[in-house]
Amino acid sequence: QSQNIPTAIQQQLSTTQPIISYFSKTPNEQDCGCASQIDPTYSLTPVEDGYYRKLLGRGKDGRFLVQDFYQKSNSQQSSPIWITDPIGLYSFENKYVSGPVTLYFPNGKVSYKGTLEQGEEVGPSESYYSNGTKGLESETTTALVKQKLWYSNGDKAAEISLTNNESYEINDSKIWDKQGRLVDDEEQQTQI
């Protein structure tokens, strides 16, 4: 449909791709005039070390299918994800995401796999170190969050069971030091 855009206007466009928003890694000092509704990392223009979001389509149920990319390399930062609220098109916050999500490091390796409903994790999820080693395996139910953690070299670091509420109280935990020894000292557990 770009043939229908007058040439004078086409020359003013920064991109012909369906980029709908830009984000920085940290809060942006640029005033977008968006009040407090917009994520503070939102930017009106590309940010060198930031991200951009493409609109891929719209579902029959009104959701928006988007995908995020690294500005520097144009490589994917996320798999296609569903955004439930139009304000989420301009926000990097998870609270607008519902459905399966895969996130990627700049090197292309997976950093996270899981499912979100209104930004909250549901079911199993996995997080990885940038070297590809699994760092966290989590299972979230309405009552509990069970987690297994590993050091970046693949050695087991912890097994933790938490209540799934605002306080995330620890029900049970086992924590290992980097030498593979079970740690009983609470102060040392906290440091690990």
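What counts and how
Residues numbered from 1 in each chain as written. Predicted model: local features only at pLDDT ≥ 70, side-chain atom pairs only at ≥ 80, totals over all residues. Heavy atoms only, no water. Pairing = 2+ DSSP bridges. Helix = DSSP H or I, 4+ residues; strand = E, 2+ residues; numbered from the N terminus. Salt bridge = Lys/Arg side-chain N within 4 Å of Asp/Glu carboxyl O. Buried < 20%, exposed > 50% of the residue type's maximum accessible area, 1.4 Å probe, protein only.

Student: Would you mind showing me how to read the sheet that holds strand E2 (residues 42–43) here?
Tutor: By way of backbone hydrogen bonds, the strands of a sheet pair with one another, either parallel or antiparallel. Taken together, five strands build an open sheet; the order of strands is E2-E1-E3-E4-E5 and the sheet is antiparallel. The open sheet is flanked by E2 and strand E5 (81–83), the only strands paired with a single partner. Pairing between strand E3 (residues 51–58) and strand E4 (residues 64–70): seven bridges, direction antiparallel. Among the inter-strand pairings, Gly-57 is bridged to a residue of E4, identified as Leu-65.

Student: How should the pattern of salt bridges be read in this particular structure?
Tutor: Oppositely charged side chains may form a pair once their charged atoms are brought near each other. A complete count under the given rule lists eight salt bridges for this structure. Note that Glu-93 is salt-bridged to Lys-95, the shortest N-O span being 3.8 Å. Owing to a relative accessible area of 35%, Glu-93 belongs among the partly exposed residues under this scheme. For Lys-95, a relative accessible area of 45% translates into the label partly exposed. Linking Lys-156 and Glu-159 is a salt bridge whose minimum nitrogen-to-oxygen distance equals 2.8 Å. By relative accessible area, Lys-156 is classed as partly exposed at 35%. One connected set of salt bridges, linked through shared partners, spans Glu-126, Lys-134 and Glu-137.

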